[in-house]
Amino acid sequence: MTETVQGRVPQEEIEEALKEVIDPELGVNIVDLGLLYGLRWDEDGTLILDLTLTTAACPLQEVIEEQVQANLDNLVDSWRVNWVRSEERRVGKECSEPC
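Only a predicted model underlies this, so the values are computations on that prediction, with no experimental measurement involved.

**A closer look at the pairing of strand β3 (residues 79-83)**
Here's step 1: Relative to β3, strand β2 (residues 47-51) is paired through five bridges, and the arrangement is parallel. Within β3, the residue paired with Leu47 across the bridge is Trp79.

**A closer look at the side chain of Asp23**
Here's step 1: Structurally, Asp23 can be placed in the loop between α1 (11-18) and β1 (36-41).
Here's step 2: A polar side-chain atom of Asp23 sits 2.9 Å from the main-chain amide nitrogen of Glu25.
Here's step 3: In contact with Asp23, other than residues within four places in its own chain, are Val28, Leu33, Leu35, Thr54 and Ile64.

**A closer look at the sheet that holds β3**
Here's step 1: Strand order in the open sheet formed by three strands is β1-β2-β3, with mixed pairing between adjacent strands. Looking at strand neighbours, the two that pair on one side only are β1 and β3, the edges of this open sheet. Between one strand axis and the next, the sheet turns by 20° as a mean value, whatever way the strands run.
Here's step 2: The sheet strands contacting α1 are β1 and β2, and the helix crosses β1 at an angle near 135°.
Here's step 3: Along the sheet, helix α2 (residues 61-72) contacts β2 and β3; its crossing angle with β3, the most-contacted strand, is approximately 150°.

**Focus on the environment of Ile48**
Here's step 1: Take Ile48: it is sitting in strand β2.
Here's step 2: Residue class for Ile48 comes out buried when judged on its relative accessible area of 2%.
Here's step 3: Discounting residues that sit within four places of it in the chain, Ile48 has contacts with Gly38, Leu39, Arg40, Asp42, Arg80 and Asn82.

**Quick word on the environment of Leu18**
Here's step 1: Tracing the backbone shows Leu18 in helix α1.
Here's step 2: The buried category is assigned to Leu18, whose relative accessible area is 0%.
Here's step 3: Between the C-alpha atom of Leu18 and that of Gln69, which follows or precedes it by 51 residues, the distance is 9.6 Å.
Here's step 4: In contact with Leu18, other than residues within four places in its own chain, are Asn29, Ile30, Val31, Leu36, Leu49, Val68 and Leu72.

**Topic: the pattern of salt bridges**
Here's step 1: Throughout the structure, instances matching the rule amount to two salt bridges.
Here's step 2: Between Asp50 and Arg40 there is a salt bridge whose closest N-O contact spans 2.6 Å. Pair noted here: Asp50 is in strand β2 and Arg40 is in strand β1, with a separation of ten residues, a long-range link.
Here's step 3: Owing to a relative accessible area of 12%, Asp50 belongs among the buried residues under this scheme.
Here's step 4: Its relative accessible area of 37% is what places Arg40 among the partly exposed residues.

**Some words on the confidence of the model for the chain**
Here's step 1: Confidence in the prediction of the chain, expressed as mean pLDDT, is 83, and 80% of residues score 70 or more.
Here's step 2: Note on residues 1-5: pLDDT under 50 across the span, and eleven contacts to partners over four residues away in sequence or across chains.
Here's step 3: This model gives residues 88-99 a pLDDT under 50, and the stretch forms twelve contacts once residues within four places in sequence are excluded.

Parameters and conventions
Residue numbers restart at each chain and count upward from 1, following the sequence in its written direction. Reporting in this predicted model follows two pLDDT cut-offs: at least 70 for local features of residues, and 80 or more for side-chain atom pairs to be given and counted; totals over whole chains, interfaces and linings ignore these cut-offs and use all residues. In computing side-chain properties, one takes all heavy atoms of the structure into account and sets aside hydrogens as well as water. Should DSSP find at least two bridges between two strands, the strands are taken to pair. To qualify as a helix, a DSSP run of H or I must reach at least 4 residues; to qualify as a strand, a run of E must reach at least 2; elements of each kind are numbered from the N terminus. Within 3.5 Å is the distance limit for a polar contact, defined as a pair of N or O atoms, with the added protein rule that one can donate a hydrogen and the other accept it, and that residues adjacent in sequence qualify only through two side-chain atoms. In this description, contact between two residues means that some pair of their heavy atoms is separated by no more than 4.5 Å. Every angle, taken between N-to-C directions, lies between 0 and 180 degrees, and every axis is a line fitted to C-alpha atoms, over only the stretch in contact when it is a helix. For each residue, the accessible area found with a 1.4 Å probe, counting protein chains only, is set against the maximum for its type, and the residue is called buried under 20%, exposed over 50%, and partly exposed in between. Each reported salt bridge corresponds to a side-chain nitrogen of Lys or Arg within 4 Å of a carboxyl oxygen of Asp or Glu. Per residue, pLDDT measures the predictor's confidence, with a range of 0 to 100.

Here it is, written out as structure tokens:
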């Protein structure tokens, strides 16, 4: 594990780990799908992941959280997901037609 001067794992390393989290319905990882909006550290050293789901009523939230946990357990001591509604932010790149 590579750590920064502050003792935190670099963003690139976390994103690489999250590329192992596969959306079960689509078979594509959450990073490439654009479901990861960002990540940051709070004042207590907890990693906060801003994520969204492919649909508002997605029944696979728990499955995705379990995969995130499995892939972050060896990298960070404490993390949590900040679920962002898709209406608040657009998933992926700008679309020329309704997304």
